[in-house]
Amino acid sequence: MGVPPGRWQWLASEPYRLFFVSGVLWSIVGVSLWPLFYANHLGFYPGSTHAKLMVEAFGGAFLVGFLGTAGPRMASAPRLSPAEFCWLMVLHQASAVCHLSLRAQLGDALFAGLLASLLVCLATRVIRFKKEPIPPQMLLALTGLLCGIVGALMHMIPAFAVSPERVRIANLLLYQGMLLPPVLGVGAFIFPRMLGGASVNRETLGATGGRCSRAAGAAVLIVGSLFLEAAGHSVAGPLTRAMAAMVYLVAEVRWERRETGSLTSGLYWALALGWLGLALPPFRYAQRIPIEHLLYIGGFGMLMLVVGSRVLFGHSGNLPQFFVKSNWVRFLVFLGVLAAATRATPAWVPMTTISHHIYAAITWIILSVCWLTWHRRRFLARETDGEAETPSQAPK
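Residues numbered from 1 in each chain as written. Predicted model: local features only at pLDDT ≥ 70, side-chain atom pairs only at ≥ 80, totals over all residues. Heavy atoms only, no water.

Draft legend 1. View of the overall build of the protein chain. Across its full length, the protein chain carries 15 helices and 0 strands. In summary, the protein chain has a C-alpha radius of gyration of 20 Å against a globular reference of 21 Å for 396 residues, a match within 12%. The dimensions of the protein chain, computed from C-alpha atoms along their principal axes, are 55 × 50 × 40 Å. For the protein chain, the proportion of its 396 residues judged to be buried stands at 55%. A separation of at least 24 residues holds for 80% of the contacts in the protein chain among residues at least 6 apart in sequence. Of note, the protein chain has its 31 positive side-chain charges centred 3 Å away from the centre of its 16 negative side-chain charges. (Helix = DSSP H or I, 4+ residues; strand = E, 2+ residues; numbered from the N terminus. Rg over C-alpha atoms; globule rule 2.2 N^0.38 Å. Buried < 20%, exposed > 50% of the residue type's maximum accessible area, 1.4 Å probe, protein only. Contact = heavy atoms within 4.5 Å. Lys, Arg positive; Asp, Glu negative; His and termini not counted. Charge placed at Lys NZ, Arg CZ, Asp CG, Glu CD.)

This is the structure we're talking about:
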C-alpha cells in the first residue's frame, strides 16, 4: 500500500521525522564497525568509514532534518515539497551506502550534493517569499552548509590527499566546520526555549545590527580558526574556536533556567563536554583524536539527541513533557556522558584504546536504541494546524 498523498506532504513539510530516525540508525551502523573490526568480522580498517558515517550520515541527517523543517518557517515560505524531500532523502541514503561500501569519493560527492540541494531549497524560498527579516543566526547555519560542501568536495579530489595540510583543513571543515556554526546559530534560537524561557519574537530575531555582527564575527572566527589550525597553529586554532563559541552563546542566550528537567540537565552536560572537546586538544595535540570525541559524542551527538527531543515534543503536542524530571532521561544522559568519556580515555591511558573503542560503541548503540524507542510514537504524532508550533510562538 502506498503512502497517501497527504502523508507525503506532511512528511515533506517536517522532514526531521524521517531524517532524525535515519541519522540515528546510521550512527548505530557507524559505531558498530569497531566491535566488528576487533572481532575480525570486518575486512578493512574502519577509521575513515566510521568518521564519514558519523559526520555525514548522522550529523548531516540532523542538520538537513532541522534546517529543512525550520528554514522555510523562518522565511515565512512554503514547506519542502514531496519531490524535494524525496530527492534529499535519496542523496542522504545513497551517500551513506557508498561510504559503507568503501566508495568514499562518490559518497562525498553525493553528500556535497545533499547539502547544496538543501541550500538551493532554502535560498529560493528566501528570495521568492521572504517577507520578514531572516534571523541573523541563520548566517551561522549557512556557514555550516558551505563548510560541509567545501570539505566534502576536498575529500573527493585525490590531489588534496598528497598534502597533510590540505587533508587537515578538509577534515576540519567537514567534521567541525559543518556542525559547530549551525549548533551556535540553532542554539541561540532554541536554547532559551529549552531552558523554559519565552521564545523571542520575530522583531527580536530580525536582522538587528548587533545580532548580525555577532553572528558574522563568530562565523569568521570559527572558519578562520580551522585554517589557522591546519596551517600548524595547533594551539591558537582550537582555542580561538573554543572562545568564539563560548562568547557567542554567552552573548546571545539568556541563561535563565525557568524550567528544570532532566533534558535541560542533558543540555548543560552536552555543552560542557563539547566545549572541553574544543579546548583540551591543544594541550595534548598528539592525542587530539580521542579527546575530540568529547566534542563529537558529548557535544554534537548529545546535542542532536537533546535538541531532537525538543523538536519531537514540540511538534507532537507534548512540549510540557520536555521539562519533566525522569530517571529514564537521566539514564540516557548518563549513557551519552559515559560514551564520550570512555572514547576519550585512551588519550590518557593508551593501553585502553581497543577496549574503550568497543565499550564506547556499545554504549552509543544502547543510547541510540533507547532514544528511538522512547520517541517512537512522537515520530508519527502530529498536531493540528492550529496547534503546530512556529518559530514566532512561545513554548506552551
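Draft legend 2. Focus on the packing of helix α3 (residues 47-74) against helix α13 (residues 288-315). In contact at an axis separation of 12 Å, α3 and α13 are set at 35° when each is read in the N-to-C sense. The element α3 and its partner α13 pack so that their crossing is left-handed. Along the contact surface, α3 presents His50, Phe58, Gly59, Phe62, Phe66, Thr69 and Arg73, while α13 presents His293, Gly301, Met304, Leu305, Val307, Val311 and His315. Here the contact of α3 with α13 is built from residues that sort into 7 nonpolar, 6 polar and 1 charged. (Axes fitted to C-alpha atoms, helices over the stretch in contact; angles between N-to-C directions. Left-handed = near helix turned anticlockwise from the far one by under 90°. Nonpolar A, V, L, I, M, F, W, Y, C, P; charged D, E, K, R; others polar.)

Draft legend 3. Expanded view of the pattern of salt bridges. Counted according to the given criterion, the structure contains 9 salt bridges. Between lysine 52 and aspartate 108 there is a salt bridge whose closest N-O contact spans 2.9 Å. Pair noted here: lysine 52 is in helix α3 and aspartate 108 is in helix α5 (residues 104-129), with a separation of 56 residues, a long-range link. Residue arginine 241 is joined to glutamate 229 by a salt bridge in which the shortest nitrogen-to-oxygen separation is 2.6 Å. Placement of the pair is arginine 241 in helix α11 (residues 236-252) and glutamate 229 in helix α10 (residues 209-230), with a sequence separation of 12 residues. In this structure glutamate 229 comes out as buried when scored by relative accessible area, which is 3%. Salt bridges here are not isolated pairs; linked through shared partners, they connect Arg168, Glu229, Arg241 and Glu292. (Salt bridge = Lys/Arg side-chain N within 4 Å of Asp/Glu carboxyl O.)

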